[in-house]
Amino acid sequence: MGQRIVTGVVAGAIFIGLLVAGGWYYTALLLAMAVIGYWEFARLNGQAWTRPDVLLGFVAVLLIALPELPFEGTLPSMETVAWLLMFALLAATVFSKNRIQLENASVLFLGAVYVGMGFHYMAATRELEHGIFWSALTFACIWASDAGAYFVGKALGRTKLWPSISPNKTIEGALGGLAIAVLAGLIFAYAQPEWLGYGRAALIGLTAAVAGQLGDLVQSAYKRFRGVKDSGQLLPGHGGVLDRTDSWLIVFPLVHLIGLLAG
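Here goes a summary of the coordinates provided.

Here is what the cut-offs are and how they apply
- Residues numbered from 1 in each chain as written.
- Predicted model: local features only at pLDDT ≥ 70, side-chain atom pairs only at ≥ 80, totals over all residues.
- Heavy atoms only, no water.
- Helix = DSSP H or I, 4+ residues; strand = E, 2+ residues; numbered from the N terminus.
- Expected span 1.5 Å × (residues − 1).
- Buried < 20%, exposed > 50% of the residue type's maximum accessible area, 1.4 Å probe, protein only.
- Contact = heavy atoms within 4.5 Å.
- Axes fitted to C-alpha atoms, helices over the stretch in contact; angles between N-to-C directions.
- Left-handed = near helix turned anticlockwise from the far one by under 90°.
- Nonpolar A, V, L, I, M, F, W, Y, C, P; charged D, E, K, R; others polar.
- Salt bridge = Lys/Arg side-chain N within 4 Å of Asp/Glu carboxyl O.

1. Some thoughts on helix H2 (residues 23-44)
(1) Moving on: For H2, which comprises 22 residues, the first-to-last C-alpha distance of 32 Å matches the rise-based estimate of 32 Å (1.5 Å per residue) to within 8%.
(2) Moving on: Once H2 ends, the next one or two residues include Gly-46, with phi positive near 70°.

2. Things to note about unusual backbone geometry
(1) Moving on: Backbone geometry places Lys-97, a non-glycine residue, at a positive phi of 55°.
(2) Moving on: For Lys-97, the location among the structural elements is in the loop between helix H4 (78-95) and helix H5 (102-127).
(3) Moving on: The class of Lys-97 is exposed, set by a relative accessible area of 71%.

3. As for the side chain of Gln-47
(1) Moving on: Relative to the assigned elements, Gln-47 resides in the loop between H2 and helix H3 (52-65).
(2) Moving on: Look at Gln-47 and you get buried, because its relative accessible area is 9%.
(3) Moving on: Leave out the neighbours within four places in its chain, and Gln-47 touches Ala-42, Asp-53, Val-54, Asn-104 and Leu-108.

4. Regarding the packing of helix H6 (residues 131-156) against helix H7 (residues 171-191)
(1) Moving on: Their axes nearest at 6 Å, the elements H6 and H7 cross at an angle of 150°. The two elements H6 and H7 meet at a crossing, and its hand is right-handed. Across the interface between the two elements, Phe-133, Ala-136, Leu-137, Ala-140, Cys-141, Ala-144, Ser-145, Gly-148, Ala-149, Val-152, Gly-153 and Leu-156 of H6 pack against Glu-172, Gly-173, Ala-174, Gly-176, Gly-177, Ile-180, Ala-181, Ala-184, Gly-185 and Phe-188 of H7.
(2) Moving on: Residues of the contact of H6 with H7, tallied by class, amount to 14 nonpolar, 7 polar and 1 charged.

5. Concerning the pattern of salt bridges
(1) Moving on: According to the stated counting rule, one finds 3 salt bridges in the structure shown.
(2) Moving on: In this structure, Asp-243 engages Lys-223 in a salt bridge whose closest nitrogen and oxygen atoms are separated by 2.5 Å. Taken as a pair, Asp-243 in helix H9 (residues 241-245) and Lys-223 in helix H8 (residues 198-226) lie far apart in primary sequence, 20 residues in all. Lys-223 shares its class with Asp-243; the two are buried.

The structure is reproduced here in structure tokens:
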């Protein structure tokens, strides 16, 4: 537990510091996390990072995750990158004479979109007007949901939520996390009512709680299927990048795609 706390405090301080700094400091951190996350994803699927199809996935993840280029030029759209990756992976099954199988191509494509889009929308949130506010709001709702689910579940949890996937999670904990996430959103609305109304704040909290807990369950189901406890060992006591960002990767794209942030 001591190691877990120290790692959490140090990693959290670095992450929040770079989030506040913004610009390419924060973007570079997110890109590094995206690359490590995709490496973890490929490794969990038994795919060596040196394989040509996995290397194509790394390139796609970087292009998808990038919010903009650091130099003059036009960044291809996420749709363009996704289609080109799909085509390249399918072509690889032909040129490798099925040494690269369709199942490999499908998993690598899924991982590139999952990881790349998640980190893209984290970076895009910071680039919004008042980006620190919107980023802090989204992270606060996710973390409030996690904390609420844990502590309410410990205190009141009786009914298992999904024991075959995550035996410690309870329905009471999930509802507690939802309530705390909504409360966190309302606090942000109270602090900046000119930027955020109470109704939208509650919706952001609700979305972060439901989608975040589902993202956590998706990662738990996936790791259980693969027979591993953690996606990696980068963060002592916490696992890998995917272990720490499973909720983020779902929540950030979703709140953008349904139009809950800014505007």
